[in-house]
Amino acid sequence: MASNNVRVRFAPSPTGPLHIGGVRTALYNYLLAKKLGGTFILRIEDTDQKRFVPGAEEYIKESLQWAGIDYDEGPGKEGTVGPYKQSERKHLYRQYADMLIENGWAYYAFDTAEDLDAMRERLRKAGKAAPKYDMFVREYMKNSIALPADEVQAKIAAGEPYVIRLKVPRNEEIRFEDEIRGWVSVKSEELDDKVLFKSDGMPTYHLANIVDDHLMEISHVIRGEEWLPSAPMHVLLYRAFGWEAPRFAHLPLILKPDPATYINKGTKARFAEQFAKEYAEKEEADLAEVHKIVEQVFANPKDLNNQLRVSDKDPNLKKSVKEFLKKAMYGKLSKRDGDRLGFPVFPLSWPQMHITGYRESGYMPQAFLNILAMLGWNPGTNQEVFSKEELIESFSLARVGKSGAKFDPDKARWYNQQFLRKTDSKELLNVLQNKLDELHIQAESNYVAQVIDLVKEKATFSSELWDLGSYFFIAPTEYAPHVIEKKWDDDARKLFAALAAKFAEVNYFTAENAEMAFQATGEENGIEAGKYMQLLRVIVTGQAAGPAIYDTLALLNRHEVVSRIKKAIERLG
């Protein structure tokens, strides 16, 4: 396929906040389109009006905009194949449903809810574990296959409600090649006759999706693994219409992180209380009993796999709680896991559900893209940090894996740290300046930028800049006690009294000159200066760790450093 014919789409439903799995799908579509010089389309699939959530469409668009995943066509960027909201295209679909009926690929079904319930119950009694409306059942239901033609027409003329179902062919093997998983083969007997057109006059996802992809000339359908079971039916629909099917690529699931990354000695009590409460509320069980079981499981966080094994000797409640914990801590990373496990799983906050997003948690858009890109894709090199342009250049579906990608919250924070370090300090000025304004502290922009230059190496989020560098604006009144107890002695008093005098004589107070003065003071007083270097930091900053100490001294300036040393000597005695 020529690169200029590559057209991909991200087609979310506005049913609530957008999970990061959805954003990853959008990103992979975007990267492929940009890599091959194609077009990336946003299509809002809002045919299910019962699940529509006000504000969700705006949330989707704002999320993509913040992440830098810009669509070429979509709502607000109309192309030649719009509109790009399915609710505005509903006049298109009925003709295609009728076309399938005329071609013998679909049929009218008049079954009521009671009819369907009775059918399922009958099949369960006959030993069917998962009853479905399929090629075997349809012969005995109220539809245009089982009923006489005149009766069907009479029902339609009388306005009797009906749906239109796909007529899955008998005894066929449906095969298609997935760009990630290779050849996929399914027997038609395993499929059910899905509803394509509902009694309310709206198409289901399956019909609208296929029609829109065809009319929008979509070349690649890149979507989550959860849609893989629907793919054979979609292949059948393309065949029924006589259309060329796009290339399919079903992305691996994003899995919950290893519980060891968030359950440890310091957090196990909090998570035991949280999970026990969730189970007790869901199952209406005694909270105290459940909490005791969860505490036993979490007693050794490093041995969770063994603790979660169900034994024949376990009471029923214990077995049930263990099964609940397995589902809660392992498997697909769900929307429910947002904030629940201590890290965001949504791009933006969603106040309606008290959900915190990556943006509001302090993540940078570039870091967010890297986090998502690596959840299933491997560049095949040792490179870990990519600009958006580098992601576009490196991306290919061939490097996307089949198995689930486990989310790593520590790695997510690491990515943000890397991009924060790369960010020009002038771009971060507002973050620290806002805090200074709040505290009515006056500081020149150039000085604030230099502070950021020094402390951002230790920061994971821009919100940490103040905590890491507050001593550049406010002299310490307390000193790291564990360092003082260990290091403050008679030699320290002598050394720092002499150092204050030595620093006062240094005219050009650079990092290099400050270091030379410190070493010289030690030699002149017969004291090993290196032994007291950490103490120097504590006396000047109040903290036991931080950026290079001599760079810190130089930025604070000579007069401020001398003043702080003298005050420390007075306080420490």
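Coordinates for the structure precede this section.
All of the points below concern the structure found in this document. (Residues numbered from 1 in each chain as written. Predicted model: local features only at pLDDT ≥ 70, side-chain atom pairs only at ≥ 80, totals over all residues. Heavy atoms only, no water.)

1. Some remarks on the side chain of Glu-45
As for its position among the elements, Glu-45 is in the loop between β2 (39–42) and α2 (56–67). Residue Glu-45 is classed as buried on the basis of its relative accessible area of 3%. Of the polar contacts made by the side chain of Glu-45, one reaches the side chain of Arg-43; its length is 2.8 Å. Reaching out from Glu-45, the side chain makes a polar contact with the side chain of Gln-86 at a distance of 3.4 Å. Ignoring any residue separated from it by four or fewer positions in sequence, one finds Glu-45 in contact with Ala-11, Pro-12, Ser-13, Pro-14, Gln-86, Tyr-205 and Asn-209. (Helix = DSSP H or I, 4+ residues; strand = E, 2+ residues; numbered from the N terminus. Buried < 20%, exposed > 50% of the residue type's maximum accessible area, 1.4 Å probe, protein only. Polar contact = N/O pair within 3.5 Å; in protein donor to acceptor, adjacent residues only side chain to side chain. Contact = heavy atoms within 4.5 Å.)

2. Brief notes about the pattern of salt bridges
Counted under the stated rule, the structure contains 35 salt bridges. The partner of Asp-98 in a salt bridge is Arg-94, and the shortest N-O contact between them spans 2.9 Å. With Asp-98 and Arg-94 both in helix α3 (residues 90–102), this residue pair falls four residues apart, about one helical turn. Accessibility expressed as a relative area gives 24% for Asp-98, which makes it partly exposed. A single salt-bridge network, built from bridges that share partners, covers Arg-9, Arg-43, Glu-45, Arg-89, Asp-212 and Asp-213. (Salt bridge = Lys/Arg side-chain N within 4 Å of Asp/Glu carboxyl O.)

3. Describing the environment of Gly-159
Of note, Gly-159 is situated in the loop between α5 (149–157) and β4 (163–166). Assessed through its relative accessible area of 56%, Gly-159 is described here as exposed. Along the sequence, Gly-159 and Asp-192 sit 33 residues apart, while their C-alpha atoms lie 26 Å from each other.

4. A few points about the side chain of Asp-46
Along the chain, Asp-46 turns up in the loop between β2 and α2. Despite being buried, Asp-46 has no salt bridge partner; Lys-85 is the closest side chain of opposite charge, sitting 4.7 Å away. Polar side-chain contacts of Asp-46 include one of 2.6 Å to the side chain of Ser-87. Setting aside chain neighbours within four positions, we find Asp-46 in contact with Pro-14, Lys-85, Gln-86 and Ser-87. (Lys, Arg positive; Asp, Glu negative; His and termini not counted.)

5. Examining empty space enclosed by the protein
Across all of its chains, the model carries one cavity of 30 Å³ or more by this definition. Together, Ala-475, Pro-476, Tyr-479, Ile-539, Arg-564, Lys-567 and Arg-571 line the largest cavity. Broken down by element, the lining of the largest cavity gets its largest block of residues, three residues, from helix α23 (residues 558–572). Considered class by class, the residues forming the lining of the largest cavity number four nonpolar, no polar and three charged. (1 Å grid on protein atoms, 1.4 Å probe; cavity = no way out; pocket = protein on both sides within 12 Å on 5 of 7 lines; lining within 4 Å. Points joined across faces, edges and corners; volume = space filled by probe spheres on them. Nonpolar A, V, L, I, M, F, W, Y, C, P; charged D, E, K, R; others polar.)

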